[in-house]
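# Coordinates in review
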Amino acid sequence: HMLALGWITWIIIGGLAGWIASKIKGTDAQQGILLNIVVGIIGGLLGGWLLGVFGVDVAGGGLIFSFITCLIGAVILLTIVQFFTRKK
């Protein structure tokens, strides 16, 4: 679903989603803009995959739906990372 958007839009949506997710999870101080973008994009892939597993059609969702998908996926990704980094 994200590939239909184009790379610039994908980076913007990923960056915003990653930044908001980092604010929600309290990791913004440790992340720069590049890491926020990466977290958002990976979050979008993770969120899209999870929604697909649950039978949600993510292909025709549009910009807002894509952003929400990225945001949810980014929060899940940061939660997983925090879980494993706290175990030290």
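Residues numbered from 1 in each chain as written. Predicted model: local features only at pLDDT ≥ 70, side-chain atom pairs only at ≥ 80, totals over all residues. Heavy atoms only, no water.

### Some details on the overall build of the protein chain
What counts, and what does not: Counting from the N terminus, the helices are DSSP H or I runs at least four residues long and the strands are E runs at least two residues long. Only protein chains enter the accessibility calculation, which uses a 1.4 Å probe. A residue is then buried if its area is under 20% of the maximum for its type, exposed if over 50%, and partly exposed in between. By the convention used here, residues are in contact when the closest approach between their heavy atoms is within 4.5 Å.
For the protein chain, the helix and strand inventory stands at 3 helices and 0 strands. Put simply, the protein chain runs from its N terminus to its C terminus through helices and strands in the order α-α-α. Counting across all 88 residues of the protein chain, residues that qualify as buried make up 35%. For the protein chain, long-range pairs separated by at least 24 residues make up 69% of all intrachain contacts whose partners lie at least 6 apart in sequence.

### Quick notes on the side chain of threonine 69
As a reminder of what qualifies: Here a polar contact is taken to be a pair of N or O atoms separated by no more than 3.5 Å, where protein atoms must pair a possible hydrogen donor with a possible acceptor and residues adjacent in sequence count only if both atoms sit in side chains.
Here threonine 69 is to be found in helix α3 (residues 62-86). At 2.8 Å, the side chain of threonine 69 and the backbone oxygen of phenylalanine 65 are in polar contact.

### So, the nonpolar core
For clarity, the cut-off: Throughout, nonpolar core names a set of buried Ala, Val, Leu, Ile, Met, Phe, Trp, Tyr and Cys residues whose side chains join them through atoms within 4.5 Å.
One finds Ile13, Ala17, Ala21, Val39, Cys70, Leu71, Ala74, Leu77 and Leu78 forming the largest nonpolar core, which totals 9 residues. Contributions of two or more residues to this core are made by α1 (7-25) and α3. Counting residues per element, this core draws most heavily on α3, which supplies 5 residues. Those residues in contact with leucine 71 that sit more than four places away from it in its chain are Ala17, Ile20, Ala21 and Ile24.

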